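Each chain is listed here by its residues.
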Amino acid sequence: MVDTVQVDKLQQLAATIRRHDLTMVHRARLGHIGGELSAIDILTTLYFAVLNVDPSRPDWPDRDRFILSKGHAAAALYTTLAVAGFMPIEELATFMQPLSRLNGHPNRTKVPGVETNTGPLGHGFPVAVGCAIGAKLSNATWRTFVLTGDGELQEGSNWEAAMAAAHYRLDNLTLIVDRNRLQQGDLTERTMGLDPLGDKFRAFGWYVREVDGHDHGALLDLFQSLPFNPGQPSCIIANTHKGQGVSFMRDQVAWHHKVPNDEEYALALSELERGED
Amino acid sequence: MTTLYDCRDAFARTLEAIALEDPRACIVANDSIGSSKVGDFAKRFPGRLINVGIAEQNMVGVAAGLANAGKLPFVCAASCFLTGRALEQIKADVAYSDANVKLCGMSPGMAYGELGPTHHSIEDLAWTRAIANLTVIVPADPIETAQALRFAAAHYGPVFLRVSRMGVPAVHDSGYQFAVGQAALLRTGSDVTIIANGTVVSRALDAAVLLAADGISARVLNMATVRPIDREAILAAARETGRIVTVEEHTIYGGLGGAVAEVVSTAYPVPMRIIGVPGVFAPTGSASWLLEYFGITAAGIRAAALELVRMGRAA
């Protein structure tokens, strides 16, 4: 059973991470706030309750691997890594500034805790498959987690990776889909339909579970029951809301990469401080 | 009759030797086991050849993941598909991510001859050498292929290695030592320098013999490493011979000729000729027939060198 104290702690951490993220995007006048707010509960649950990682040894060979395939949500990853101790919180203020380590998309050669450079979509999932095969080859017990966007799954490379993961029986690999149902320009289903998404992954040989991607307890429950079925890769379709936590951003396509003005920033911050979800 | 070698044989033997010594070594392939000649590797090292099926984007991504997991992956796939289909993965997952992946482009150039331009890989050097943090090597014969592969295995970082299929004569003797980023002087000369790599180095040497009969002293440089390019050797050739002819089994746009011209034109301008595939899709023909057709031959190189000599020497 999920520990309610732990869930409370995760909720508080997620609220802190959301506030840092909003501040970064507002300060930089750049970023992808909508898809960051949709992913932050997943990131928080992973980094503070699931992943076996050590901020003092980001290159530790036996660490669990987490790959943010939706690299445009970099600010959410940086914030999570900073709060988890991989880098100083103060450094978040340099996001997108000249010569900052914190580019608009994550760079493993500069930012501790980043496993591979993402940005172009459909790249993180194949790399995660390679990590998982590598762990199997070494008889290692560390696990690999990859978070993709949903619109991102329109890239064919993901389905090459999905086939390979089932073929190689990668039960040490978990794919989480941030199913916020919005992409840059419109609803996923109006742009290039993905449903029935779970059936697609099942047909590719995955064990699929769906969850409310903002419910830390439900997420934790699922993560604690991995692998869902030995010999099969696990897919979690996390139903989320773009802009989660800020009423006027929630489910609004415009907030894919819109930047809040000072007034919107103040309003959003006050909503996040009140913990209105 | 000169013996001709398929460099894939030396490649496969050397890769097996590396795998025997280094448990990290593994192969990632796109159903290209036979065409990469790595069937014996698969038998000798069970589980260490990861076949991802006909899926080049996933192939390169998987290799980056294997490197992240501490493995030493050698991606073995036809160069046309490896570089054409997975170029963004090569850029982002391998080069930009500084993943310790070795990209082995098999059967490059026009090796697939009659199969046509879809299977020709005459753009791969232009594409790969434009990418930062990617070492690009084009070995000329079996000895150089084996040594370049040894270098790639020992070096941390992304490498693209072009492994030829079309039979080539040996141009290096057994004492040859490959050094990355350094041209090998195969023949001294003072009137013109011929800079070549890969399958056509032997043709550059043959051209130098023809030119000697014309009374022209031709230097021959084997420029196996295209990136980083050996600026010093190029500038010495420009200064000391005043004329440069480049030869490659690649389009004349953006390959070895382009790399040499970038150095020459900005640091010591001298007249040049670039021999390769002109900007066209090749007609039907075997690899050797196509090289003749496009004048990528000793006679073609000689003609270009004579043209430069007749222009006189830059003051």
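(A) Region of the structure containing the packing of helix α2 (residues 33-50) of chain A against helix α3 (residues 74-83) of chain A. All names here are of chain A. Remark: α2 packs on α3, axes separated minimally by 9 Å, with the N-to-C direction vectors making an angle of 30°. Viewed along their axes, α2 and α3 adopt a mutual orientation that is roughly parallel. The element α2 and its partner α3 pack so that their crossing is right-handed. Between α2 and α3, the contacting residues are E36, I40, L43, Y47 and F48 on the first element and A74, A75, A76, L77, T80, L81 and V83 on the second. Partitioned by chemical class, the residues of the contact of α2 with α3 number ten nonpolar, one polar and one charged.

(B) Molecular detail of the packing of aromatic side chains. Going through the model one piece at a time under the given rule, you end up with 14 aromatic pairs over all chains. Measuring from ring centre to ring centre gives 5.0 Å for W159(A) and F204(A), while their planes differ by 55°; the resulting arrangement is tilted. Residue W159(A) is found in helix α5 (residues 157-167), and its partner F204(A) is found in the loop between α7 (197-203) and β4 (207-212); the two are separated by 45 residues along the sequence. What makes W159(A) buried here is its relative accessible area of 15%. Arranged with centres 5.1 Å apart and planes meeting at 20°, the rings of W289(B) and Y293(B) form a pair that is stacked. On the criterion of helical spacing, the pair formed by W289(B) and Y293(B) is a turn pair, its members being four residues apart in helix α11 (residues 287-293). With relative accessibility at 42%, the residue W289(B) sits in the partly exposed group. Ring pairing ties together the aromatic residues F125(A), W159(A), F201(A), F204(A) and W206(A), which thus form one cluster.

(C) Geometry of the interface of chain A and chain B. Facing 28 residues of chain A, the contacting portion of chain B comprises 24 residues. Buried surface at the junction of chain A and chain B, both sides included, amounts to about 2,000 Å², of which 51% is carbon and sulfur. When the area that chain A buries against chain B is broken down by residue, the three leading residues are H123(A), L137(A) and E160(A), summing to 27%. Between chain A and chain B we count zero salt bridges in total. Looking at the side of chain A that touches chain B, the elements with two or more residues in it are α4 (124-137) and α5 of chain A. Top element by residues in the side of chain A that touches chain B is α4(A). It accounts for nine residues. Grouping the constituent residues of the side of chain A that touches chain B by class yields twelve nonpolar, eleven polar and five charged.

Conventions we followed
- Residue indices begin from 1 for each chain and proceed along its sequence in written order.
- Chains and ligands are labelled sequentially in the order written, the chains with letters from A and the ligands with numbers from 1.
- This being a predicted model, a pLDDT of at least 70 is required before a residue's local features are given, and a value of 80 or more before pairs of side-chain atoms are given or counted; all residues contribute to the totals for chains, interfaces and linings.
- Derived side-chain values reflect all non-hydrogen atoms in the structure, with water molecules and hydrogen atoms excluded from consideration.
- A fitted line through C-alpha atoms represents every axis, and for helices the fit uses only the stretch in contact; the resulting angles, taken between N-to-C directions, go from 0 to 180 degrees.
- Numbering of helices and strands starts at the N terminus; helices are DSSP runs of H or I of at least 4 residues and strands are runs of E of at least 2.
- Every angle not falling under 35 degrees, over 145, or within 65 to 115 is termed oblique; those three ranges are roughly parallel, roughly antiparallel and roughly perpendicular.
- Take the far helix as the reference: if the near one is turned anticlockwise from it by less than a right angle, the crossing is left-handed, and if turned clockwise, right-handed.
- Contact between two residues is taken to exist if any of their heavy atoms lie within 4.5 Å; hydrogens are not considered.
- Lys, Arg, Asp and Glu make up the charged group, whereas Ala, Val, Leu, Ile, Met, Phe, Trp, Tyr, Cys and Pro make up the nonpolar group; the residues left over, Gly among them, are polar.
- Planes of paired rings set the category: under 30 degrees apart is stacked, over 60 is edge-to-face and the rest tilted, where pairs are Phe, Tyr or Trp rings (Trp by its six-membered ring) whose centres lie within 6.5 Å.
- When a residue's accessible area, from a 1.4 Å probe over protein chains only, is under 20% of the maximum for its type it is buried; when over 50% it is exposed; and in between it is partly exposed.
- Summed over both partners, the accessible area lost on bringing two parts together, with a 1.4 Å probe, is the buried area.
- By salt bridge we mean one thing: a side-chain nitrogen of Lys or Arg within 4 Å of a carboxyl oxygen of Asp or Glu.

Structural measurements only, silent on function.
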